[in-house]
Amino acid sequence: MTTTLTNWAKNHTYRAGTVHEPRSVEEVQTLVRGARSRGVRGLRALGSRHCFNDVADGAELVALGSLDPEIEVDTEARTVRVGGGVRYGTLAEHLHAEGWAVHNLASLPHISVAGAVATATHGSGDARRNLAAAVVGLEVVAADGGLRHLLPQDGDLAGAVVSLGALGVMTAVTLEIEPTFDVAQEVRTAVPWDAVLGAFDQVTASADSVSLFTRWEGEVVDQLWRKSRVGRPEGAWAPGPELVAGTVATENLHPLDLDARSTTEQLGRPGPWHERLPHFRMAFTPSNGAELQSEYLVPRGHGPAAIEALRGLSHLIAPLLLVSEVRTIAQDELWLSTAYQQDSVGLHFTWKPLQPEVEALLPRIERALAPFGARPHWGKLFSATEAGEPGRLAELYPRLGQFRELAAAFDPEGLFHNDYLRRHGLVSPV
Ligand SMILES: Cc1cc2nc3c(=O)[nH]c(=O)nc-3n(C[C@H](O)[C@H](O)[C@H](O)COP(=O)(O)OP(=O)(O)OC[C@H]3O[C@@H](n4cnc5c(N)ncnc54)[C@H](O)[C@@H]3O)c2cc1C
């Protein structure tokens, strides 16, 4: 039996024969034990299905959307414990109502917390680490059906957060929180590339979170989004030194020039963190809907040169592209994080839904970015022959060998292995 369940972008139909929807941790444990005794290989946790590749696929899926949606704030420890199926949008509403916040969000609030941290999902900001870096605890049902609690003092946590489902099913994630804050965002249009590349560090430091949207054509960046924390109650956009050229937008804009009702409020108007940090609102389809995505992260010192390399490929990229986004991410210590021990620049592509053409172009882009040590985003499309070649990933991720050992310790018989993990050398053959 095969399912007709697809990912969000509908470019992948899960090949799994069965999709389980457990409602409790005990049900997850029973499922794992049952799969093990039935000799199933490829039992995979499934979040909100926002990845663009087969990372979540396997013989059977454990969809976590029906799991008890618990959210427990510990004000003393300044943490929140979140059930394995909860989405960031739901968590954010809850936290804000209780006076709390997480440090950053991705471009959309629709994604599950567990799925996002499992793939090193990030937002933007020179000083903002990716979302996974806020994790201070995990509860994971391992291959023997036992529930493991991982804490920062266990050396394993740094390897277990960004784990692509290879260690088991995360039934709860504990995140650091901070008091709620307001953010204002401003958008500028037609910002000259010369001004951006000539002062790249100053431009990305000119707000808490900066995004450049480009189609790689012409001499200007189409849109520059800047988000900054503002004080209460008077908070408004404070532009700082006038180092960013371009025209300040006087109406809300969409990065793809679509209906801006789906984007969060701009124009320098302050509002709660969770209504400004994502680009898109929870009640609307984020981005375009019909699209594919890829992203490569380079050490930030290489940012301008990597951008120039992509500008040199604009004749190949632009015909397939809806829009690209350039962001910055602070380094962390998570073994498979795309920002592991290096401040990074993310070079993202939102493609037209033309998968064969996009897949034919990715090796060319990866060759152009290879001199900069570009790490592919785990949840988006990348080439299986270039960056996906196991030796290459091991060069990019110095802790990959240790990750394989950790995965083997949690799952000696390969219950959670799938084609993706094997293809990219992320697990040892069993
Ligand atoms: C419109 C759009 C915008 C996006 N914007 C951004 C962005 O701004 N920044 C960014 O970095 N990425 C972005 N992404 C990518 C997205 O954040 C990642 O693909 C993320 O993994 C999605 O989470 P998910 O719950 O949908 O994961 P899924 O696709 O459901 O699963 C992803 C992986 O996580 C594992 N997993 C899921 N739940 C669990 C669990 N409970 N226990 C163990 N493993 C689990 C799965 O096994 C799989 O390996 C975007 C995607 C879309 C569609």
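Preceding this section is the structure that the text describes.
Note that the coordinates shown come from a computational prediction; the quantities given were computed from them, not determined experimentally. (Residues numbered from 1 in each chain as written. Predicted model: local features only at pLDDT ≥ 70, side-chain atom pairs only at ≥ 80, totals over all residues. Heavy atoms only, no water.)

Before going further, it helps to examine the overall build of the chain. On a plain count of helices and strands, the chain comes out with 12 helices and 20 strands. Here the C-alpha radius of gyration of the chain, 21 Å, is about what a compact globule of 430 residues would show, namely 22 Å. In the chain, the proportion of contacts linking residues at least 24 apart, taken out of those at least 6 apart, comes to 71%. Within the structure as shown, the chain displays about 16100 Å² of accessible surface, and the carbon and sulfur contribution to it stands at 51%. Mean positive and mean negative side-chain charge positions of the chain (38 and 52 charges, respectively) differ by 3 Å. (Helix = DSSP H or I, 4+ residues; strand = E, 2+ residues; numbered from the N terminus. Rg over C-alpha atoms; globule rule 2.2 N^0.38 Å. Contact = heavy atoms within 4.5 Å. Areas by Shrake-Rupley, 256 points an atom, 1.4 Å probe, with all protein chains shown as cover. Lys, Arg positive; Asp, Glu negative; His and termini not counted. Charge placed at Lys NZ, Arg CZ, Asp CG, Glu CD.)

So, on to the sheet that holds strand β1 (residues 18-20). If you walk across this open sheet you meet the three strands as β1-β3-β2, and the pairing is parallel. At either margin of the open sheet sits one strand with a lone partner, and together these are β1 and β2 (43-46). Looking at each pair of strands side by side, their axes are set apart by 25° on average, direction ignored. Inspection of the sheet shows β2 paired to strand β3 (residues 60-63) by four bridges, in the parallel sense. (Pairing = 2+ DSSP bridges. Axes fitted to C-alpha atoms, helices over the stretch in contact; angles between N-to-C directions.)

With four bridges joining them, strand β8 (residues 135-141) and strand β9 (residues 147-150) adopt antiparallel strand pairing. Residue pairing for β9: Leu138 is matched across the bridge by Leu150. Linking β8 back to β9 in an antiparallel pair, the connection comprises five residues, with Gly145 at a positive phi of about 85°.

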